[in-house]
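# Structural description and commentary
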Amino acid sequence: MTERLPARRLLALLTDDFTELPPPARNSPPDGPLAWPGYDASRARAAGRTGESESVVCGTGRIEGTRAVLIAFEFGFLGGSLGQATGDRLEAAYAHARAHRLPVVPLIATGGSRMQEGMLALTQLQRVARQSALTRAAGLAQLAVARDPTTGGGWATLGAGADVTLALPGAQVGFAGSRVRPPDADPAAYTAEAQFAAGSVDAVVAPEELRRTLGHWLRLLTRPSGAPAPVPAPLGATDAPDSGREAVRRARAPERPRARAYLDAYFTDRREISGDRCGGTDPDGMLCGFGTREDAHGTRTIAYAAQTGTATRPAGFRTAARLIRLADRLGVPVLTLVDTPGAANDAAAERQGAGPAIAELFGAVAAARTPVTTLLIGEGGSGGALAPAAPGRTWATPDSYFSVIGPEAATAILKRPPERADETADLLRLRPQDLAELGVIRTSEQVFPGTGDRRS
């Protein structure tokens with residue numbers, strides 16, 4: 001388990017210029033709103049132990065050059081619990097962030113709501129959720145760190161509700177705290193690592209890497225740009241395929257460049273997000289994140305959702321939709337790379353909601369106000385490939401194809417002999433040059449030498 005640092009020690013490790021915001025004044029009746037016997041004495045003891053007057057310390061500071069509002073929980077103060085005064089401070093911190101156009105970084109360590117204040121403490125979660133929603137609507141990033149422990153409403157609002165969520169190794173992370181779980185519950189399910197595996201945390205970060213990682217993420221999430229992402233240059237074949245069969249063969253060739261090669265060539269650095277926030281991940285089928293690119297518009301951030309050449313699972317579609325919605329809120333252009341034989345169609349995929357997941361991605365692309373650029377780099381199999389593609393802004397490399405259905409499946413559906421699959425491939429007009437003539441994709445000299453510029 002990672003060392004449980006006091007709030008101010010953690011802040012000193014992350015920023016050199018932390019400036020605390022003045023806490024809002026609140027006059028509390030004796031022993032709080034419920035007149036809970038001994039509550040004032042408990043708060044006084046907590047203040048004596050920690051030197052704090054509440055369970056959060058809020059202020060501003062630069063992390064690796066980017067100024068942010070920082071909210072650090074002090075677990076030593078009544079278990080980092082949320083009460084009315086905590087809600088006052090959180091509300092003021094978020095309001096300050098919006099007034100000064102700053103991202104918000106909650107550094108969470110809490111056991112949940114403060115029992116000595118009853119339902120008035122629990123309703124602070126509604127206040128927090130409201131402030132988070134207003135900040136999201138203002139186009140400002142929220143980047144949370146789940147420390148030990150991050151449980152209860154603090155996890156269900158500030159942690160799991162952030163745009164990007166990091167966690168410290170071995171931290172207890174989950175809605176249910178250790179004293180309120182079923183007696184036979186597996187404790188391994190309530191860890192940072194388990195939440196990462198379930199798609200609720202984007203990365204588990206070692207304490208010594210936290211400052212650098214937060215700084216990198218803050219730079220990526222605070223550089224809006226209205227210019228579209230440039231189309232990547234092709235890394236494989238440069239000549240047009242002479243037949244449908246040849247187009248399919250090239251796209252399926254094991255040696256063809258895949259998504260990671262394109263991302264490495266395109267970005268100077270990048271960070272991945274992980275998970276659909278619904279209990280699933282698809283690390284082998286969909287790569288999503290934000291990267292830095294130097295181009296004619298300067299140093300800027302571009303978001304990406306890239307299929308890897310395998311059948312995309314429902315969690316992959318939902319993660320891509322999450323990525324596009326986040327980029328849209330932050331004003332960051334998006335690059336999507338299409339490469340899949342199709343959506344996963346096994347029974348597990350159906351139980352995981354394949355149709356709704358694909359629909360969610362279609363909807364995210366259709367609703368995006370930020371520009372989306374798409375490059376087809378390999379197989380384009382049916383709706384699973386079309387879902388991340390931008391209408392009117394899709395290009396294709398010479399070693400790719402796009403089809404309403406794979407030629408083998410089309411042959412079977414039409415009750416043709418399997419040996420006629422090559423003929424079916426030609427009839428489908430799935431080659432890049434066919435797609436350009438049909439107006440499905442755009443071509444340019446950069447992506448498809450010899451074609452000139454053609455707009456669908």
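Each remark here, short or long, concerns the structure printed above.
Attention in this report is confined to the structure presented alongside it. Note that the structure is a prediction, hence the values are computed from the model and not measured. (Residues numbered from 1 in each chain as written. Predicted model: local features only at pLDDT ≥ 70, side-chain atom pairs only at ≥ 80, totals over all residues. Heavy atoms only, no water.)

Tallying each qualifying case throughout the model produces 36 salt bridges. For the salt bridge of Asp 17 with Arg 67, the shortest nitrogen-to-oxygen distance reads 3.2 Å. Highlighted residues: Asp 17 in the loop between helix H1 (7-14) and strand E1 (19-20) and Arg 67 in strand E3 (residues 66-73), separated in sequence by 50 residues. Of the residues examined, Arg 67 reaches a relative accessible area of 26% and is grouped as partly exposed. Across the pair Arg 211 and Glu 64 runs a salt bridge, and its minimum N-O distance is 3.4 Å. You can see Arg 211 sitting in helix H8 (residues 207-221) and its partner Glu 64 sitting in the loop between strand E2 (56-63) and E3, a full 147 residues away along the chain. Since its relative accessible area comes to 22%, Arg 211 is described here as partly exposed. (Salt bridge = Lys/Arg side-chain N within 4 Å of Asp/Glu carboxyl O. Helix = DSSP H or I, 4+ residues; strand = E, 2+ residues; numbered from the N terminus. Buried < 20%, exposed > 50% of the residue type's maximum accessible area, 1.4 Å probe, protein only.)

A few words now on the packing of helix H3 (residues 84-100) against helix H5 (residues 124-137). Each pair of packed helices can be summarised by the angle the axes make with each other and by the distance between the axes. As a packed pair, H3 and H5 sit with axes 9 Å apart at the nearest point and diverge in direction by 5 degrees. The orientation of H3 relative to H5 falls into the category roughly parallel. When H3 is examined against H5, the residues Gln 84, Gly 87, Asp 88, Leu 90, Glu 91, Tyr 94, Ala 95 and Arg 98 are found in contact with a partner set consisting of Gln 124, Arg 127, Val 128, Gln 131, Ser 132, Leu 134 and Thr 135. Of the residues that constitute the contact of H3 with H5, the class distribution is 5 nonpolar, 6 polar and 4 charged. (Axes fitted to C-alpha atoms, helices over the stretch in contact; angles between N-to-C directions. Parallel < 35°, antiparallel > 145°, perpendicular 65-115°, else oblique. Contact = heavy atoms within 4.5 Å. Nonpolar A, V, L, I, M, F, W, Y, C, P; charged D, E, K, R; others polar.)

With an omega of -10 degrees, the peptide bond between Asp 148 and Pro 149 qualifies as cis. Along the chain, Pro 149 turns up in strand E5 (residues 143-151). A positive phi angle, near 55 degrees, is found at Arg 101, a position not held by glycine. By the secondary structure assignment, Arg 101 is in the loop between H3 and strand E4 (104-110). The phi angle at Lys 415 is positive, at roughly 60 degrees, despite the residue not being glycine.

Our next topic: the environment of Thr 19. Examined against the element boundaries, Thr 19 turns out to sit in strand E1. Taking relative accessible area as the criterion, Thr 19 reaches 43% and is therefore assigned partly exposed. Taking the C-alpha atoms as reference points, Thr 19 and His 96, separated by 77 residues in sequence, lie 13 Å from one another. Once residues lying within four places of it in the same chain are set aside, the contact partners of Thr 19 are Gly 59, Thr 60 and Arg 67.

We now examine the packing of aromatic side chains. Per the counting criterion, the structure on display carries 3 aromatic pairs. Between Tyr 266 and Phe 267, the ring centres sit 4.9 Å apart and the planes meet at 80 degrees, which makes this aromatic pair edge-to-face. Across this residue pair, the class does not change: Tyr 266 and Phe 267 are buried. Look at Phe 267 and Tyr 304: their rings are 5.4 Å apart centre to centre, the planes differ by 45 degrees, and that puts the pair in the tilted class. Here Phe 267 is found in the loop between helix H10 (259-266) and strand E9 (269-273), whereas its partner Tyr 304 is found in strand E11 (residues 298-307), with 37 residues between them in sequence. A network of ring pairs unites the aromatic residues Tyr 266, Phe 267 and Tyr 304 as a single cluster. The ring of Tyr 39 has Arg 43 lying over it, and the distance from NZ or CZ to the ring centre is 4.2 Å. (Phe/Tyr/Trp six-rings, centres within 6.5 Å; stacked < 30°, edge-to-face > 60°. Lys NZ or Arg CZ within 6 Å of the ring centre and 35° of its normal.)

Looking at soluble globular proteins, one finds that nonpolar side chains tend to be buried together. If you look at the biggest cluster of nonpolar residues, it comprises 50 residues, and the most contacted ones within it are Leu 107, Leu 214, Trp 217, Phe 290 and Leu 323. The biggest single contributor to this core is helix H11 (residues 314-330), with 8 residues. Excluding its chain neighbours within four sequence positions, the residues that come into contact with Leu 214 are Leu 14, Ile 63, Val 105, Leu 107, Leu 143, Val 145 and Leu 166. Grouped together as the second largest cluster of nonpolar side chains are 20 residues, Ile 108, Ala 109, Ala 144 and Ala 162 included. (Core = buried A, V, L, I, M, F, W, Y, C linked by side-chain atoms within 4.5 Å.)

Structurally, the α-helix is built with 3.6 residues per turn, so residues lying three or four positions apart point the same way. What H10 keeps buried is the set Ala 259, Tyr 262, Leu 263 and Tyr 266. All buried residues of H10 lie within an arc of 95 degrees about the axis, which places them on one face of the element. (Arc of directions from axis to C-beta.)

Here we come to the packing of H1 against H8. Across the interface, H1 lies against H8 with an axial gap of 9 Å and an inter-helix angle of 60 degrees. Considered as vectors, H1 and H8 are oriented oblique to each other. Of the two elements, H1 crosses H8, and the hand of that crossing is right-handed. Here Leu 10, Ala 12, Leu 13 and Leu 14 of H1 lie close against H8, whose contacting residues are Leu 210, Arg 211 and Leu 214. Classifying every residue of the contact of H1 with H8 gives 6 nonpolar, no polar and 1 charged. (Left-handed = near helix turned anticlockwise from the far one by under 90°.)

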